[in-house]
Structures are given as C-alpha cells and as structure tokens.
Amino acid sequence: MIENILTDAKLITLPAFFDVRGAFVKTFNESLFGQYGIQFELKESYFSISKKDVIRGMHFQTPPHQHAKIVFCPQGAILDVIIDLRKGSPTFGEYFAHELSAENHKAYYIPEGFAHGFKSLTDDAVTYYLVSSEYSQPNDTGILYNSFGFDWGVQEPVMSARDLSFDGIDVFNTPFMYTSGQ
Ligand SMILES: Cc1cn([C@H]2C[C@H](O)[C@@H](COP(=O)(O)OP(=O)(O)O[C@H]3O[C@@H](C)C(=O)[C@@H](O)[C@H]3O)O2)c(=O)[nH]c1=O
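Residues numbered from 1 in each chain as written. Predicted model: local features only at pLDDT ≥ 70, side-chain atom pairs only at ≥ 80, totals over all residues. Heavy atoms only, no water.

- By the naming in an unreviewed UniProt entry, the chain is dTDP-4-dehydrorhamnose 3,5-epimerase, taken from Taibaiella soli.
- Looking at the Function (unreviewed entry) heading of the UniProt record, one finds this comment for the chain: "Catalyzes the epimerization of the C3' and C5'positions of dTDP-6-deoxy-D-xylo-4-hexulose, forming dTDP-6-deoxy-L-lyxo-4-hexulose."
- Here is the UniProt Catalytic activity (unreviewed entry) comment for the chain, exactly as written: "dTDP-4-dehydro-6-deoxy-alpha-D-glucose = dTDP-4-dehydro-beta-L-rhamnose". (UniProt positions renumbered as here; feature names shortened; annotations may be inferred.)

Take a look at the structure:
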C-alpha cells in the first residue's frame, strides 16, 4: 500500500509476512517501487540506534550531492518528519509527520530536496536508511528542528550539538528547485 504525502514523497506499507517465528519484511523491490512511481538507485545504506526522546535532524545534503532516501524502522518506533525545501513545489515549506515502527512496517520515500528528521518514541529505536548518493561531509547539513512550526511533544530532547547549531528555516536560503516527477 502506498500513500502520497507531500509532493513526490510517499508513505509505503512494506510487504510483511508474519508467522509463528516472527516477521519477514521486504524493504526494497525495484519493480514494486517502480509501480509506485519511485525510481531509486541505491548508493549507500546505514542505520542509527536511538534512545527514547532523541531527536535527530532536520538533515539533507546540498547539491551536487543531494539524495533521495528510503527510511524505515525495523526495531522500536520513531516519529518521522519531512519538510519540502524545493522552491516552486506545491508543498514548499510544508511538513509531514508519521510514526514508523517495527509493528507497522511503514517506510518513507523522501525525494531529493527534503529535510528529514525524527524523534525516537522508544529506547533502542533503529532507523534504517537506503540512500541514493554517497555521504559528502561538506554537503551534509540541516535546519533547526524547532524552527518550522512542528510540535515534537518533548520538552528536553536528547540532541547533538551540531543539530542544535543549525539555522532556522526563516533564514535558510534553499538551494533546491522543484521539477515535477522527482
Ligand atoms: C550521515 C552520515 C554520518 N556519518 C558520520 C558523521 C558523524 O561522525 C557520525 C554521526 O553522524 P550524525 O550525527 O549526522 O548522525 P545522524 O544524526 O543520525 O544523521 C542522520 O540523521 C537523519 C535525520 C538522516 O536523515 C540521515 O540521513 C542522517 O543525516 O557519523 C558518516 O560517516 N556517514 C554518513 O552518511
């Protein structure tokens, strides 16, 4: 099952099979995702493990190292948030939030030009990423998590110094332009 969320972004219910042993979840299939309108070429993959009330974000890589991501949570639960940073997009500046968990086996498809972040809802929440370009440290940046009007529902999140140092969205000059069909 697939839902269109912000322009070009998708919320996918990953195919899952449950039996007496546990669960089997398919995290990527080129043909199926192609039917969903997602053309995705994997270049890198990684995961993080987060304690409850950790917030990471709102991250993206700037051009020419921008990338799309497929994000899911195979252990625990996270509240996952994206912002459309593409000038000219019908949903420019809007955000979308949804829970991803081992239980609901949902994933986001996040196109290039979006910022991404999440709050961990459980201890030991695993956030797993498939990414369409390799890590480029000089291009890896973000905007401040509490600058775009989203209520994270936590007073004292656990965060990195880097994430707390980002500029707010009000002063952020986006390098991303919307072109339809990303
Ligand atoms: C993202 C990344 C980080 N690193 C290094 C940098 C740093 O020393 C350490 C931890 O990095 P961070 O603090 O940025 O980790 P984290 O805050 O978990 O970064 C992630 O946040 C979420 C919201 C995303 O959307 C991801 O794409 C990614 O940016 O890992 C890599 O070597 N390769 C990578 O691809």
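**Section: the nonpolar core**
- Judged by nonpolar contacts, the single largest core of 18 residues is most densely connected at M58, I83, L85, F148 and W152.
- Among the secondary structure elements, those contributing two or more residues to this core are β6 (55-61) and β8 (77-84). (Core = buried A, V, L, I, M, F, W, Y, C linked by side-chain atoms within 4.5 Å. Buried < 20%, exposed > 50% of the residue type's maximum accessible area, 1.4 Å probe, protein only. Helix = DSSP H or I, 4+ residues; strand = E, 2+ residues; numbered from the N terminus.)

**Quick notes on the sheet that holds strand β5 (residues 44-50)**
- Pairing is antiparallel across the open sheet formed by 6 strands, whose spatial order is β1-β2-β10-β7-β12-β5. The open sheet has two edge strands, β1 (2-4) and β5, and neither has a second partner. Strand-to-strand twist across the sheet, computed as the mean angle between neighbouring axes with direction ignored, equals 20°.
- Looking at chain direction, β1 and strand β2 (residues 10-13) are connected through 3 bridges and run antiparallel. The residue bridging E3 from the neighbouring strand is L11, located in β2. (Pairing = 2+ DSSP bridges. Axes fitted to C-alpha atoms, helices over the stretch in contact; angles between N-to-C directions.)

**Topic: the sheet that holds strand β13 (residues 140-142)**
- Strands sit in the order β9-β8-β11-β6-β13 across an open sheet of 5 strands; the sheet is antiparallel. Edge strands, defined here as strands with exactly one partner in the open sheet, are β9 (95-101) and β13. Pairs of neighbouring strands in the sheet enclose a mean axial angle of 30°, with direction left out of account.
- As judged from the 7 bridges shared by β8 and strand β11 (residues 114-120), these two strands associate in the antiparallel manner. Within the sheet, the bridge partner assigned to V81 lies in β11 and is G117.

**Side note on unusual backbone geometry**
- Here G57 and M58 are connected by a cis peptide whose omega angle stands at -5°.
- Omega for the peptide link from P63 to P64 comes to 5°, which places this bond in the cis form.
- Tracing the chain through its elements places P64 in the loop between β6 and β7 (69-75).
- Residue D8 is not a glycine yet carries a positive backbone phi of 75°.
- In this fold, D8 is placed in the loop between β1 and β2.
- We note that H105 has phi near 40°; this positive angle belongs to a residue other than glycine.
- Within the fold, H105 resides in the loop between β9 and β10 (106-110).
- The class for H105 is buried, based on a relative accessible area of 16%.

**Looking at the UniProt feature "active site" (unreviewed entry) in the chain**
- Cross-referencing UniProt, the feature "active site" (unreviewed entry) maps to H59 and Y129 in the present numbering. Taking the farthest pair of C-alpha atoms as the criterion, the annotated set spanning 71 residues converges on one region, since that pair is 12.8 Å apart.
- Relative to the helices and strands, H59 is located in strand β6.
- You can call H59 buried: its relative accessible area is 19%.
- If near-sequence neighbours (up to four positions away) are discounted, H59 is found in contact with K69, F114, A115, H116, T141, G142, R162, D163 and F166.
- With respect to the helices, strands and loops of the structure, Y129 is situated in strand β12 (residues 125-131).
- Contacts of Y129, omitting those with residues within four sequence positions, involve E44, S45, Y46, F47, S48, K69, I70, V71, H116 and F118. (Contact = heavy atoms within 4.5 Å.)

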